[in-house]
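Reading the structure
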Amino acid sequence: MKRSYLIKPMLDEDYPIIDFGKGVYLYDIEFKEYLDASSGAVTANIGHGVKEIITAMKKQAKKVSFIYRSQFTSEPAEQLAEKIAELAGGDLNWSFFVNSGSEATETAMKIAIQYWQEKGLKTKTKILSRWVSYHGITLGALSMSGHAARRERFTPLLEDFPTIHPPYCYRCPFNQTAPECGYSCAQELETAIRRIGADHIAAFIAEPVIGAAGGAISPPEDYYQLIKEICDRHQILFIADEVMTGFGRTGTMLACEHWGVTPDIVALGKGMGAGYAPIAAALVSDRVMEPIRSGSKMVMSGHTLSANPQSCAVSLAVINYLEQNNIMNLVSEKSAYLFKKLQKLKYQFPFIGDVRGLGLLIGMEFVQDHNTKTPFPRAAAFTQKVIKTAMKYGLLLYPAGAGIDGIHGDAIIISPPLTITNEEMDELIQRLTKTCQELY
Ligand code: PLP
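Residues numbered from 1 in each chain as written. Predicted model: local features only at pLDDT ≥ 70, side-chain atom pairs only at ≥ 80, totals over all residues.

**Focus on unusual backbone geometry**
Residues A178 and P179 are joined by a peptide bond in cis, for which omega reads 0°. Following the sequence through the fold, P179 ends up in the loop between strand 6 (162–164) and helix 7 (184–196). At F31, a position not held by glycine, the phi torsion is positive, near 65°. Take F31: it is sitting in the loop between strand 2 (25–28) and strand 3 (33–36). Classification of F31 as exposed rests on a count of 7 C-beta atoms within 10 Å. (Helix = DSSP H or I, 4+ residues; strand = E, 2+ residues; numbered from the N terminus. Buried ≥ 20, exposed ≤ 12 C-beta atoms within 10 Å, placed from the backbone.)

In structure tokens:
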């Protein structure tokens with residue numbers, strides 16, 4: 001008989017087979033329970049098996065599951081665009097629906113370039129970015145990503161876009177302290193623009209809180225205001241990659257709201273479908289759409305399954321669920337509860353160097369000794385031990401770290417479904433403590 005194989009992330013590893021999920025828990029076919037403390041890849045924002053979403057899926061499936069975007073539109077797609085514009089605020093009124101975060105950031109990139117073309121500025125094509133960042137796995141998105149380990153194999157095919165250091169206060173690249181530093185990491189953007197020339201730059205892209213590459217690195221208070229001011233002054237668009245941070249993960253629809261900054265373009269994904277359907281979006285401001293509307297009148301991008309009615313119906317149901325259960329408003333309270341307990345662990349275990357983040361996007365960086373902050377010699381090896389040990393105790397954590405340089409290599413993200421209760425957070429801490437005790 002012919003043998004077939006599923007290509008899994010690690011080909012030689014055995015992965016548990018999950019049978020079903022309920023709330024913050026997943027269960028495998030042997031009835032082992034896993035507390036999903038990372039929402040998978042920061043995606044299952046409202047937990048597993050939510051019946052309201054399943055009902056919405058069924059309802060839409062009975063009507064129509066697919067229409068092609070250049071022939072028709074659909075009620076769920078139109079309603080979703082309206083709802084997202086309402087929640088995002090500012091003049092972010094245009095939604096381009098796609099199927100993954102990588103497609104969303106790449107669409108954002110293309111729209112930024114097109115915007116300048118429509119205005120007759122055809123040399124503005126570069127997208128500046130930061131080292132220690134992740135914007136997706138497709139080649140355009142990877143070009144924008146400052147993630148050494150994921151770029152390495154494909155370097156010849158990539159633009160070398162990432163340009164400036166991240167706002168990484170735990171290991172300040174400038175050896176300074178905020179706010180006295182005057183935000184050298186943001187000022188660096190100004191220097192980069194002067195070197196490269198604003199005539200060649202379409203946009204600057206950043207994750208409001210650095211996720212997969214850094215482990216929930218949240219910037220100092222005035223950082224984004226300064227970044228936006230520099231972008232505006234040099235006529236460079238600001239793209240916020242809110243694929244991980246958007247849709248309530250930090251307690252607001254967009255994380256940029258925390259600093260009062262409205263981006264020109266936003267990429268959304270993950271929490272948009274909360275894992276129930278593949279859906280993501282490039283959310284575009286009136287300002288950016290205006291020259292395209294009065295120019296070529298079409299956005300040069302799209303995928304067969306863009307604005308799929310089934311996925312749009314799921315995302316609408318996710319928004320309803322978030323609103324009806326007041327979920328976003330409760331995030332900061334839950335975050336404070338969890339943070340306090342995680343900070344305590346830091347004093348118990350010397351290999352926990354930093355606990356940081358925003359809302360329910362929390363990072364934990366591992367070091368050889370928290371007094372010296374010395375990183376482990378082989379990036380990611382300790383993180384993998386933590387992840388595996390946690391799995392044994394039925395706890396799911398998400399690995400983070402961009403590096404092959406031993407500096408940004410060892411962190412995890414703790415990002416449970418936003419619906420998690422205090423009792424479930426206690427359980428999370430118990431399982432994490434057991435994990436740390438085993439590794440101590
Ligand atoms: N942007 C950010 C900030 C992400 O965290 C990710 C995925 O982790 C992506 C983009 C890519 O999203 P996807 O994996 O859905 O293509």
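**Digging into the sheet that holds strand 6**
As summarised here, the arrangement of the seven strands in space is 4-10-9-8-7-5-6, forming an open sheet in which the pairing is mixed. If you trace the sheet from one side to the other, it starts and ends with strand 4 (94–98) and strand 6, each paired once. For this sheet, the mean angle separating the axes of adjacent strands, direction not counted, is 25°. Each of strand 4, strand 5 (126–130), strand 7 (201–206), strand 8 (237–241), strand 9 (265–268) and strand 10 (280–284) is contacted by helix 4 (residues 101–118), which is oriented at about 25° to strand 10, the strand it contacts most. (Pairing = 2+ DSSP bridges. Axes fitted to C-alpha atoms, helices over the stretch in contact; angles between N-to-C directions. Contact = placed C-beta atoms within 7 Å.)

**Details of the pairing of strand 9**
Neither face of strand 9 is open: one carries I265 and A267, the other V266 and L268, and all of them are buried. For strand 8 and strand 9, the ladder comprises three bridges, and the chain directions are parallel. Of the residues in strand 9, the one forming a bridge with I239 is I265.

**Considering the packing of helix 12 (residues 381–392) against helix 13 (residues 422–439)**
Relative placement of two packed helices is described by the angle separating their axes and the distance separating the axes. Running from amino to carboxyl end, helix 12 crosses helix 13 at an angle of 125°, the nearest separation of the two axes being 9 Å. Classified by the angle their axes make, helix 12 and helix 13 are oblique. Handedness of the helix 12/helix 13 crossing: right-handed. Contacts between helix 12 and helix 13 involve K385, V386, T389 and A390 from the former and R431, L432, T435, E438 and L439 from the latter. Its residues placed into classes, the contact of helix 12 with helix 13 shows four nonpolar, two polar and three charged. (Parallel < 35°, antiparallel > 145°, perpendicular 65-115°, else oblique. Left-handed = near helix turned anticlockwise from the far one by under 90°. Nonpolar A, V, L, I, M, F, W, Y, C, P; charged D, E, K, R; others polar.)

**Overview of the sheet that holds strand 11 (residues 352–358)**
As summarised here, the arrangement of the four strands in space is 11-12-15-14, forming an open sheet in which the pairing is antiparallel. Two strands in the sheet have a free side with no partner beyond their single neighbour: strand 11 and strand 14 (398–400). On average, each strand axis in the sheet is inclined to that of its neighbour by 25°, with strand direction left out of account. Judged from the four bridges that link them, strand 12 (residues 361–366) and strand 15 (residues 411–414) form a sheet pairing that is antiparallel. The partner of G363 across the bridge, within strand 15, is I413. Helix 11 (residues 327–348) contacts strand 11, strand 12 and strand 15 of the sheet and is inclined by roughly 165° relative to strand 11. Helix-sheet contacts for helix 12 involve strand 12, strand 14 and strand 15, and the interaxial angle to strand 15 is about 40°.

Structural measurements only, silent on function.
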